[in-house]
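Residue-level structural notes
The residues making up each chain are set out below.
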Amino acid sequence: MKLLRTIITSAAMAAGLLLASAASPIEAIFSVQPRMHCQNCENKIKSNLRFEKGVKGVETSIPDQKVTIKYDPDKTTEEALAKALKKIGYKAVPLHETCPEETPADTPTR
């Protein structure tokens, strides 16, 4: 009985270490063409991308025309996700950090 408890405890500790060492998900944000118009467009994207390796979650926004994908960087890349969107008929343009807005000091003077 004591041996069984030791084995179970060791297995639980090993599983905890594996979960702790997993890479935390990161986000890729895409603008898609053609435009999403309705719930069916959103559902098509979500239902197809959830089967891609490494995808942890998919959010869509019709007003912003954005698709946000949370994924495991150890299992897939932003480029692979763009290809997955292309397979279902959407051209995906990654939206990266933009430059900060111009401040009055950056504005040319006359």
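Once a new chain begins, its residue numbering starts again from 1 and follows that chain's sequence as written. With pLDDT at 70 or above as the cut-off, local features in this predicted model cover only qualifying residues; side-chain atom pairs require 80 or more to be listed or tallied, and sums for whole chains, interfaces and linings still use all residues. Each side-chain value is worked out from all heavy atoms of the structure, with water and hydrogens disregarded.

A few words on the overall build of the protein chain. The helix and strand labels rest on DSSP assignments: H or I over at least four residues marks a helix, E over at least two residues marks a strand, and numbering proceeds from the N terminus. Per the secondary structure count, the protein chain includes three helices and four strands. Helices and strands in the protein chain line up, N terminus first, as α-β-α-β-β-α-β. Accessibility here uses a 1.4 Å probe with only protein chains present; expressed as a share of the type maximum, an area under 20% marks a residue as buried, one over 50% as exposed, and anything in between as partly exposed. When each of the 110 residues of the protein chain is scored for burial, the buried share is 25%. A fraction of 61% describes how many contacts in the protein chain between residues 6 or more apart in sequence connect residues 24 or more apart. Each accessible area value is a Shrake-Rupley result obtained with a 1.4 Å probe; residue values ignore everything except the protein chains displayed when judging cover. Element-wise, carbon and sulfur atoms account for 57% of the exposed surface of the protein chain, whose accessible area totals about 8,400 Å². Note on contacts: a residue pair is in contact if any heavy atoms of the two residues lie within 4.5 Å.

Only a minority of non-glycine residues have a phi that is not negative, and only a minority of peptide bonds are not trans. Note the cis peptide between Gln-33 and Pro-34, where omega equals 0 degrees. Inspection of the secondary structure puts Pro-34 in the loop between β1 (26–33) and α2 (39–49). Positive phi values are uncommon outside glycine, yet Gln-65 reaches one of about 55 degrees. Tracing the sequence through the fold places Gln-65 in the loop between β2 (55–61) and β3 (66–71).

As a further point, take the pattern of salt bridges. Two side chains that carry opposite charge are able to pair once their charged atoms sit near each other. One speaks of a salt bridge when a side-chain nitrogen belonging to Lys or Arg is within 4 Å of a carboxyl oxygen belonging to Asp or Glu. Here the structure, examined in full by the defined rule, presents one salt bridge. When the shortest N-O distance is used, the salt bridge between Glu-52 and Lys-87 registers 3.6 Å. Remark: Lys-87 occurs in helix α3 (residues 78–87) and Glu-52 occurs in the loop between α2 and β2; sequence separation between them is 35 residues.

The subject of this paragraph is the nonpolar core. What makes a nonpolar core is a set of buried Ala, Val, Leu, Ile, Met, Phe, Trp, Tyr and Cys residues whose side-chain atoms join them at distances within 4.5 Å. Among the nonpolar cores identified, the biggest contains 19 residues, and Phe-30, Ile-45, Leu-49, Val-67, Ile-69, Leu-85 and Tyr-90 are the most heavily contacted of them. Elements with a minimum of two residues in this core: β1, α2, β2, β3 and α3. Ignoring any residue separated from it by four or fewer positions in sequence, one finds Ile-45 in contact with Met-36, Val-58, Thr-60, Val-67, Leu-85, Ile-88 and Tyr-90.

A few words now on the side chain of Glu-78. Tracing the backbone through its elements, the reader meets Glu-78 in helix α3. Under the convention used here, Asp and Glu are negative, Lys and Arg are positive, and both His and the chain ends fall outside the count. Lacking a salt bridge, the buried Glu-78 has Lys-83 as its closest oppositely charged neighbour, with an N-O distance of 13 Å.

By the secondary structure assignment, Gly-89 is in the loop between α3 and β4 (91–94). Exposure remark for Gly-89: the relative accessible area of 48% places this residue in the partly exposed category. Taking the C-alpha atoms as reference points, Gly-89 and Val-32, separated by 57 residues in sequence, lie 9.6 Å from one another. Not counting the four nearest positions on each side in its chain, Gly-89 is found in contact with Gln-33 and Pro-34.

Here we come to the sheet that holds β1. Whether two strands pair comes down to DSSP finding at least two bridges between them. Pairing in this open sheet of four strands is antiparallel, and the strands run β2-β3-β1-β4 from one edge to the other. Each of the sheet's edge strands pairs with one partner strand only, and the pair in question is β2 and β4. Strand-to-strand, the axes of this sheet are offset by a mean angle of 30 degrees, without reference to chain direction. Sheet topology note: the β2/β3 ladder contains six bridges and is antiparallel. Its bridge partner lying in β3, Val-58 is registered against Ile-69. Where α2 meets the sheet, its contacts fall on β2 and β3, and the angle it forms with β2 comes to roughly 170 degrees. Helix axes use the C-alpha atoms of the stretch in contact, all axes being lines fitted to C-alpha atoms, and the angles between their N-to-C directions lie in the range 0 to 180 degrees.

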